[in-house]
Amino acid sequence: MPDDGFTLHGIALSGPTYKVALLLSLAGQRFQYRHVNLRAGAHKSPEHLRLNRFGQVPALEHKGLALCQSGAILEYLAETLGTYGGEDAAARQRIREWLFWDADRFAPGVYRSRAYRRGFAQAEAAVIESYRQVAEAGFAVLDENLAGRDWLVGKSPTIADIACYGVAFFIEEAGFNAVQWSNVDAWMKRIAALPGAKAPADLLPMQDATIG
Ligand SMILES: N[C@@H](CCC(=O)N[C@@H](CS)C(=O)NCC(=O)O)C(=O)O
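Residues numbered from 1 in each chain as written. Predicted model: local features only at pLDDT ≥ 70, side-chain atom pairs only at ≥ 80, totals over all residues. Heavy atoms only, no water.

A.B. asks: Give me the packing of aromatic side chains: which residues, what numbers.
C.D. replies: Throughout the structure, instances matching the rule amount to 13 aromatic pairs. Taken together, a centroid distance of 5.1 Å and an interplanar angle of 90 degrees make the contact between Phe 106 and Phe 139 edge-to-face. In this pair, Phe 106 sits in helix H4 (residues 89–118) while Phe 139 sits in helix H5 (residues 125–145), placing the two residues 33 residues apart along the sequence. Neither Phe 106 nor Phe 139 differs from the other in exposure class; each is buried. (Phe/Tyr/Trp six-rings, centres within 6.5 Å; stacked < 30°, edge-to-face > 60°. Helix = DSSP H or I, 4+ residues; strand = E, 2+ residues; numbered from the N terminus. Buried < 20%, exposed > 50% of the residue type's maximum accessible area, 1.4 Å probe, protein only.)

Okay, structure coming up:
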């Protein structure tokens, strides 16, 4: 399949970059991948700031547009590729609620906890503990909402699942064990079994590449 003009800029260790790459892979969409060397500060370069004004990864280029914020990129891709976007307007509204919740209450706790454990960032013990509690509360919310259902919205997987999975994937690196949240555990296995699903290390290299 041609790449249809999709170029993803990111880094393999980045959860938000993984979310976007995972949706492209699940959709069977080939894309160009550009490795952004965060250690060298490439995300703050004028060239990158033209793609992502917040000086972060990911950024997605498509047909003259430069897109940022992984949740917003997922919505764009679902709309553009016509997949994983929910069945109707009511489903799309629920999906959007999950995307905002993820950015507000889930991703920060899990990603920061992972960053402290892996030594990507340092903080005082009280700060680390506070992010740990946010992450734990986030997993509990996810677990409650997955009780008796396979997917977060409707009867098939959507970008709500992909956004939250792109955080939950790092559960162990962040210092938690999925056994504690059995609905989350089963849901993660369902997502990992979808055609095209890959772990970050199997999807994104530490160099430029064509993926898919
Ligand atoms: N809410 C953003 C978060 C993006 C983000 O935090 N990216 C990190 C890498 S995982 C980054 O670029 N960090 C460098 C920085 O913020 O200066 C999204 O979902 O795209």
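A.B. asks: How would you summarise the sheet that holds strand E3 (residues 59–62) if you had to cite specific residues and measurements?
C.D. replies: Ordered in space as E4-E3-E1-E2-E5, the five strands form an open sheet in which the pairing is mixed. Both edges of this open sheet fall to strand E4 (65–68) and strand E5 (209–211), since each of them pairs with a single strand only. Put simply, the sheet's adjacent strands are angled 25 degrees from each other on average, direction ignored. Relative to E3, strand E1 (residues 7–10) runs antiparallel, the two being bridged by three bridges. (Pairing = 2+ DSSP bridges. Axes fitted to C-alpha atoms, helices over the stretch in contact; angles between N-to-C directions.)

A.B. asks: Quick one: what's the story with the site of the ligand, residue by residue and with numbers?
C.D. replies: Surrounding the ligand, one finds Ser 14, Pro 16, His 43, Lys 44, Gly 55, Gln 56, Val 57, Pro 58, Gln 69 and Ser 70. In this structure, Val 57 approaches the ligand through a main-chain N or O atom, which is 2.9 Å from a nitrogen atom. Within the side chain of Ser 70, an N or O atom sits 2.6 Å from an oxygen atom of the ligand. Protein contact buries 67% of the 510 Å² of open area that the ligand shows by itself. (Near = heavy atom within 4 Å. Polar contact = N/O pair within 3.5 Å; in protein donor to acceptor, adjacent residues only side chain to side chain. Areas by Shrake-Rupley, 256 points an atom, 1.4 Å probe, with all protein chains shown as cover.)

A.B. asks: Could you give me a rundown of the environment of Pro 195, with the residues and numbers involved?
C.D. replies: Within the element layout of this structure, Pro 195 appears in the loop between helix H7 (182–192) and helix H8 (200–203). Between the C-alpha atom of Pro 195 and that of Arg 34, which follows or precedes it by 161 residues, the distance is 24 Å.

A.B. asks: For the pattern of salt bridges, give the residues involved together with the corresponding values.
C.D. replies: If you walk through the whole model with that rule in mind, you get 10 salt bridges. When the shortest N-O distance is used, the salt bridge between Lys 19 and Asp 102 registers 2.5 Å. On the criterion of sequence distance, the pair formed by Lys 19 in helix H1 (residues 15–26) and Asp 102 in helix H4 is long-range, its members being 83 residues apart. Considered together, Lys 19 and Asp 102 belong to a single accessibility category, that of buried residues. In this structure, Glu 173 and Arg 118 form a salt bridge, with 3.0 Å as the shortest nitrogen-oxygen distance. Placement of the pair is Glu 173 in the loop between helix H6 (159–168) and H7 and Arg 118 in helix H4, with a sequence separation of 55 residues. Taken together, the shared-partner salt bridges connect Arg 114, Arg 118 and Glu 173 into one network. (Salt bridge = Lys/Arg side-chain N within 4 Å of Asp/Glu carboxyl O.)

A.B. asks: I'd like to hear about the side chain of His 62, residue by residue, with values.
C.D. replies: Tracing the sequence through the fold places His 62 in strand E3. Contact partners of His 62, with chain neighbours within four places excluded, come to Asp 4, Gly 5, Phe 6, Tyr 76 and Thr 80. (Contact = heavy atoms within 4.5 Å.)

A.B. asks: Can you break down the side chain of Asp 161 residue by residue, with the values?
C.D. replies: Its place among the elements puts Asp 161 in helix H6. Buried and unpaired, Asp 161 has Arg 149 as its nearest opposite-charge partner, separated by 7.5 Å. When near neighbours in sequence (up to four residues on either side) are disregarded, Asp 161 contacts Trp 151, Leu 152, Ser 156, Trp 187 and Ile 191. (Lys, Arg positive; Asp, Glu negative; His and termini not counted.)

A.B. asks: Explain helix H3 (residues 70–81) to me, using residue names and the numbers behind them.
C.D. replies: The end-to-end C-alpha distance of H3, which contains 12 residues, comes to 16 Å, matching closely the 16 Å that a straight helix rising 1.5 Å per residue would cover. For H3, the full list of buried residues reads Ser 70, Ile 73, Leu 74, Leu 77 and Ala 78. Buried positions in H3, seen along its axis, are confined to an arc of 135 degrees and lie on one side of it. Packing partners of the buried residues in H3 comprise H1, E3, E4 and H6. (Expected span 1.5 Å × (residues − 1). Arc of directions from axis to C-beta.)

A.B. asks: Please provide a residue-by-residue account of H4, values included.
C.D. replies: Compared with an ideal rise of 1.5 Å per residue, which puts 30 residues at 44 Å, H4 spans 40 Å between its outermost C-alpha atoms and is within 8% of the ideal. Its axis deflected by about 50 degrees at Asp 102, H4 carries its strongest bend there. Residue Gly 119 follows H4 closely and has a positive phi angle near 80 degrees. (Bend = angle between axes of the 7 residues up to and from the residue.)

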